[in-house]
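Chain by chain, the residues:
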Amino acid sequence: EADIYQTPRYLVIGTGKKITLECSQTMGHDKMYWYQQDPGMELHLIHYSYGVNSTEKGDLSSESTVSRIRTEHFPLTLESARPSHTSQYLCASSESIGLAGLLSYNEQFFGPGTRLTVL
Amino acid sequence: TQLLEQSPQFLSIQEGENLTVYCNSSSVFSSLQWYRQEPGEGPVLLVTVVTGGEVKKLKRLTFQFGDARKDSSLHITAAQPGDTGLYLCAGGRNSGGYQKVTFGTGTKLQVIP
């Protein structure tokens, strides 16, 4: 069973507040990800990291920022929350599984998500 | 441009019926995963397929990777209410020494008792 945790699970805040969504994993995975998902819809990658001090923006533009100071910790910060930021935020980590030759694949393990509502 | 299209988008069936969910792309993937997500939770990995034509079975679930590694299907036999959820496929491609994963559009399944 995957050991990846997100806090808080639910957050309701007012416009303009600064928030940090926490994500931690105890599996020692190098790769970590943040996704944004509206209920029952597809996942949109907003940030990813391939290791400590490595962060990249994903396919979906986001006003949030991330940091990766420790392998196990990948927090996401919104400096000034707006109603348009209301969504579910999912954190994931993965390990590479080698195949023959140079090929490999990743299996992602997801946290339970944070449901953010900005009023 | 969405690289991975899933069909159908929504599916509501009676308990005991069979169903197939499709995941299609014009791109070739080196691996293909299927996840199931229940409301309020994160997706949970069901299976990974890596070889063209590969078939994997997980109890009542059968997963197939297309011969050209551009598409995949998930077949559920005798669906049960516990199968209800959002099913997501995810294709992996090697890019610049890393593997880039793209998630599909999702299929929301409801199994009615």
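Structure's up top.
Below, the structure is looked at part by part. Numbering of residues starts from 1 in every chain and runs along the sequence as written. Each chain takes a letter, starting from A, and each ligand takes a number, starting from 1, following the order in which they are written. Reporting in this predicted model follows two pLDDT cut-offs: at least 70 for local features of residues, and 80 or more for side-chain atom pairs to be given and counted; totals over whole chains, interfaces and linings ignore these cut-offs and use all residues. Derived side-chain values reflect all non-hydrogen atoms in the structure, with water molecules and hydrogen atoms excluded from consideration.

## Side note on the state of the cysteines
Then, in step 1: A pair of cysteine sulfur atoms is labelled a disulfide when the two atoms are within 2.5 Å. A full pass over the atoms with the stated rule returns two disulfides over all chains.
Then, in step 2: The side chain of Cys23(A) participates in a disulfide bridge whose partner is Cys91(A); the two sulfur atoms lie 1.9 Å from each other. The chirality of the disulfide connecting Cys23(A) with Cys91(A) is left-handed, given an S-S dihedral of about -75°. Of this pair, Cys23(A) sits in strand β3 (residues 19–25) while Cys91(A) sits in strand β9 (residues 87–98), and the two are 68 residues apart along the sequence. In this structure, Cys23(A) and Cys91(A) share a single accessibility class: buried.
Then, in step 3: Between the sulfur atoms of Cys23(B) and its disulfide partner Cys89(B) the distance amounts to 2.1 Å. Between Cys23(B) and Cys89(B), the disulfide has an S-S torsion of 75° and is therefore right-handed. Placement of the pair is Cys23(B) in strand β3 (residues 19–24) and Cys89(B) in strand β9 (residues 85–95), with a sequence separation of 66 residues. Secondary structure elements are taken from DSSP: a helix is a run of H or I of four residues or more, a strand is a run of E of two residues or more, and numbering for both begins at the N terminus. Exposure categories follow from relative accessible area, calculated using a 1.4 Å probe and restricted to protein chains: below 20% of the type maximum is buried, above 50% is exposed, and the middle band is partly exposed.

## With respect to the interface of chain A and chain B
Then, in step 1: Taken together, the contact between chain A and chain B spans 22 residues of the former and 24 residues of the latter.
Then, in step 2: Counting each side, the surface lost to burial between chain A and chain B is near 2,000 Å², with a carbon and sulfur contribution of 52%.
Then, in step 3: Area buried by chain A at its contact with chain B is led by Glu42(A), Tyr50(A) and Asn106(A), which between them contribute 24% of it.
Then, in step 4: One salt bridge connects Asp59(A) with Lys100(B), and the closest N-O pair in it is separated by 3.2 Å. Contact between two residues is taken to exist if any of their heavy atoms lie within 4.5 Å; hydrogens are not considered. The term buried area denotes the loss of accessible surface (1.4 Å probe radius) that occurs when two parts are joined, taken as the sum for both partners. Here, a salt bridge means any side-chain nitrogen of Lys or Arg that lies within 4 Å of a carboxyl oxygen of Asp or Glu.

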